Amino acid sequence: MTSNVPEAAKRFKDDVPSANSDRPLKIGTHDGIFHCDEVLACFMLQQLPRYASAEIIRTRDMTKLDECDVVVDVGGIFDRERHRYDHHQGTFNETLRTLRPELGIKWDIRLSSAGLVYTYFGEEVISEVLKRKQGKEPTAECLSAVYKKVYDGLISEIDAIDNGVPMFEGGEPRYNISTHLSPRVGAFNARWDEPSPAPGCLERFDKAKAYVGAEFVDKVTFYASCWWPARDIVAKALTNRVTLHESGEIMELERFCPWKEHLYQLEQEEDLVGKIKYVIYFNKESDWRVICVPVQSSSFVCRKFLAKPWRGIRNAELEQVSGVTGATFCHQTGFIGGNRTREGALQMAKVSLAAPED
């Protein structure tokens, strides 16, 4: 089977650390209180066949760490050639953007040990997870998209929290907190009033690793099997927009799916940024929706809201005010409305498109 891991990432996957074939490989990390980043780093490494049976050594003894094949989050060294992935030293300022410039990504969050491992091994880890969960490798296009999405939706949060990166510098957030995984992992540590675990004890660490690993696998499989396939639906809707309405500013989803991010990306690729104002879709029997496209995915400000006189009105009163048969509701902010038929939902979009701006 031909691997779909990009060539830029392959150069990182083939340099297996030299090790005596008579012993398992060792992954070193620090002892004491553990954090989400090194727990996830260890989990990701153990998803790879060459590290699947690697022994995790938790210590700050440099003599023991020097015997490890990979060291994460301890040791004061970042050295890709030696497989040393610490980020605590004052000279370390690397981000995904600086280490993987070929990706052309925006993120400039200082990496944690999880981010460092993900930077170099992420595509291969994702590919291995999906082969186990789905029985096949992802396409190169899917792998690239999922890699970036997992960083945006999980790894960047862990990097930022571990490094104490402020969420805001200006108006837009530098990252989003969507999992709260870091404090959840922290709760696996011994409480202040409990006996400290014996040196080298992995019981709590392993429980945390299984927990954070399940979150990681869920993210990967969701993005690959649910989020990514939605792109084809959005792409088809965008292609057919002029057939739906001559303005090209309304599109219809053949079935509801996660559409916003795909729409923004496709608009950029096709030089249509800001073009689509409304999306219509079937919700359930006798219930079609028309939703306004927000200026960005998390915004409540839309490119063009539904007609102002309709807002907060329902059923017969809305039919009378709008002149659209079958209209059932318009949200009081005007970002979404409903109709009993497809034709009615489309008509609501057409009328709102022609309505004056607020």
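Located above this text is the structure these notes cover.
Every value quoted in this text rests on a predicted model; they were computed, and no experiment measured them.

A. Quick peek at the packing of aromatic side chains. Across all of its chains, the model carries 16 aromatic pairs by this definition. Centroid distance Y85 to F121: 6.2 Å. Interplanar angle 80 degrees. Geometry classified as edge-to-face. Taken as a pair, Y85 in strand 5 (residues 84-85) and F121 in helix 5 (residues 113-134) lie far apart in primary sequence, 36 residues in all. A relative accessible area of 1% places F121 in the buried class. Put simply, the rings of Y51, F78, Y85, F92, Y120 and F121 pair up and form one aromatic cluster. Seen from the ring of Y120, R80 lies directly overhead, with NZ or CZ sitting 4.6 Å from the centre.

B. Fine view of helix 5. At F121, helix 5 shows its strongest bend, of approximately 75 degrees. Most of helix 5 sits inside the fold, with 18 of its 22 residues counted as buried. Among the residues of helix 5, the N-terminal cap falls to S112, whose side-chain oxygen and the backbone nitrogen of A114 are separated by 3.3 Å. Taken from the residues just after helix 5, G135 is the one with a positive phi, measuring 80 degrees.

C. How the structure looks around the nonpolar core. Ranked by size, the top nonpolar core spans 61 residues in total, and within it L40, Y118, F121 and F216 carry the most contacts. Mapped by element, the contributors of at least two residues to this core are helix 2 (36-45), strand 3 (70-72), helix 4 (96-99), helix 5, helix 6 (140-163), helix 7 (181-186) and helix 8 (203-227). When near neighbours in sequence (up to four residues on either side) are disregarded, Y118 contacts M44, I126, V146, Y147, V150, Y151, I155 and F216. With 22 residues, the next largest nonpolar core counts I250, C302, L318 and L353 among its residues.

D. Expanded view of the environment of E55. Positionally, E55 belongs in strand 2 (residues 55-58). Taking the C-alpha atoms as reference, E55 lies 8.3 Å from G28; in sequence the two are 27 residues apart. When neighbours within four sequence positions are excluded, E55 is seen to be in contact with L25, K26 and I27.

Conventions we followed
The written sequence of each chain sets the order in which its residues are numbered from 1. Confidence filtering applies because this is a predicted model: local features only for residues at pLDDT of at least 70, side-chain atom pairs given and counted only at 80 or more, and all residues used for totals across whole chains, interfaces and linings. Water and hydrogen atoms play no part in the side-chain values, which are based on all heavy atoms of the structure. Any two rings among Phe, Tyr and Trp, with Trp reduced to its six-membered ring, count as a pair given centres within 6.5 Å; such a pair is stacked if its planes are under 30 degrees apart, edge-to-face if over 60, and tilted if neither. Strands here mean DSSP runs of E at least two residues long; helices mean DSSP runs of H or I at least four residues long; both are numbered from the N terminus. The classification of residues rests on relative accessible area computed with a 1.4 Å probe and restricted to protein chains. Under 20% of the type maximum is buried, over 50% is exposed, and intermediate values are partly exposed. By definition, being over a ring means that NZ of Lys or CZ of Arg is both within 6 Å of the ring centre and within 35 degrees of the ring normal. To get the bend at a given residue, fit one axis to the seven residues ending there, fit another to the seven starting there, and take the angle between those axes. For the purposes of these results, a polar contact is taken to be a pair of N or O atoms within 3.5 Å, where, inside protein, one atom must be able to donate a hydrogen and its partner to accept one; residues adjacent in sequence count only when each atom of the pair is a side-chain atom. Nine residue types can take part in a nonpolar core, namely buried Ala, Val, Leu, Ile, Met, Phe, Trp, Tyr and Cys, and a core is a set of them joined through side-chain atoms within 4.5 Å. The contact criterion used throughout is that any non-hydrogen atoms of two residues lie within 4.5 Å.

Limitation: the analysis is restricted to geometry and does not speak to function.
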